[in-house]
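# Survey of secondary and tertiary structure
Listed below, chain by chain, are the residues.
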Amino acid sequence: MTREIAVDDDGQIRLQKLLAQSGVASRRRCEELMLEGEVEVDGEVVTRLGTKVDPRTAVIKVSGKRLPPISDHVYLVLNKPRGVVSTMSDPQGRRTLSDLVADRPERLFHVGRLDTDTSGLLLLTNDGDFAHRMAHPSFEVEKTYVAEVAGRLNKGTVAELLAGVTLDDGPVEVRRARVIDTSADKSIIELVIHEGRNRIVRRLLDQVGHPVRQLSRTKFGPIELGTLAGGRLRELSDDELGQLLELVGL
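Given the structure is predicted, the values throughout are model-derived calculations rather than measurements. (Residues numbered from 1 in each chain as written. Predicted model: local features only at pLDDT ≥ 70, side-chain atom pairs only at ≥ 80, totals over all residues. Heavy atoms only, no water.)

### Notes on the overall build of the protein chain
Rule in force here: By definition, any uninterrupted DSSP run of H or I lasting at least four residues is a helix, any uninterrupted run of E lasting at least two residues is a strand, and each is numbered from the N terminus. Categorising residues by exposure relies on relative accessible area from a 1.4 Å probe, with only protein chains included: less than 20% of the type maximum marks a residue as buried, more than 50% marks it as exposed, and the intermediate range marks it as partly exposed. Throughout, a residue-residue contact means that at least one pair of heavy atoms, one from each residue, lies within 4.5 Å. Positive charges come from Lys and Arg alone, negative charges from Asp and Glu alone, with His and the N- and C-terminal ends not counted. Every charge is mapped onto a representative atom, which is NZ of Lys, CZ of Arg, CG of Asp or CD of Glu.
Helix and strand counts for the protein chain stand at seven helices and 17 strands. Counting only C-alpha atoms, the protein chain reaches 65 × 40 × 30 Å along its principal axes. Considering the protein chain as a whole, with its 250 residues, one finds that 44% of them fall into the buried category. Considering only intrachain contacts with a sequence separation of at least 6, the fraction spanning at least 24 residues in the protein chain is 64%. In the protein chain, 36 side chains carry a positive charge and 39 a negative one; their mean positions are 3 Å apart.

As structure tokens, then:
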């Protein structure tokens, strides 16, 4: 995330100045936070005012919250509409992610993917290492989905989901599940899983007898889609990015 930070000739900056320029608090309050032992740099509490750091490489935490490094990378949230293919080009001529980010100058990667007929939260970035880690199953980043399914869901089906369902390519762990609404012929359910196998939510709900009619991803880790309109982008806040960097060890 690029911020206008004025560094010295050696590429470093005083810590309290960096915190203030990054919007943590006023310069005076940032000095107080340092003296109170609330600021860590690379795992060590720093209380000496005037300590210099490299804003591009230092791992800084304020009151336990990560402050992202200064970088030329961008980190974006997209609300992908249904019908858009989760690729940057498509030989069949279908609408792709590149159509939604045509005005961005960066070469962007998508973090994981969503099925063409699934809408919702997709992360885009030009930070390849970040994209790889966020999508890698070893980090078990949770994804939250809301699905409209056929039929009336009951507590027994929710218990079945939470107990674990085995598909043809292996078992699926459902972290959390709750029924939001139900009627005679349809139900709305929220599911939290950490896997990204192809069409996994649709296959999972089909397996327990409730085919998906509509599906949307509403959260990726701690990042929420919120009121972002379909087809629109926004940048991650420093707080959101800090949480994700911590989550995947960057």
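### Overview of the side chain of Glu148
This is how the line gets drawn: Throughout this description, the term salt bridge denotes a Lys or Arg side-chain nitrogen within 4 Å of a carboxyl oxygen of Asp or Glu.
Turning to its location among the elements, Glu148 is positioned in strand S10 (residues 143-150). One buried charged side chain, Glu148, makes no salt bridge at all; its nearest oppositely charged neighbour is Arg213, positioned 4.1 Å away. Setting aside residues no more than four positions away along its own chain, Glu148 makes contact with Lys186, Ser187, Ile188, Pro211, Val212, Arg213 and Gln214.

### Looking at the sheet that holds strand S6 (residues 65-67)
Selection rule: DSSP-based pairing: two strands are paired if at least 2 bridges between them are found.
As summarised here, the arrangement of the four strands in space is S3-S2-S5-S6, forming an open sheet in which the pairing is antiparallel. Whereas interior strands pair on both sides, the edge strands pair on one side only; in this sheet they are strand S3 (44-45) and S6. With three bridges joining them, strand S5 (residues 60-62) and S6 adopt antiparallel strand pairing. Across the sheet, residue Lys61 finds its bridge partner in S6, namely Arg66.

Fair warning: the whole summary comes from geometry, so function is off the table for now.
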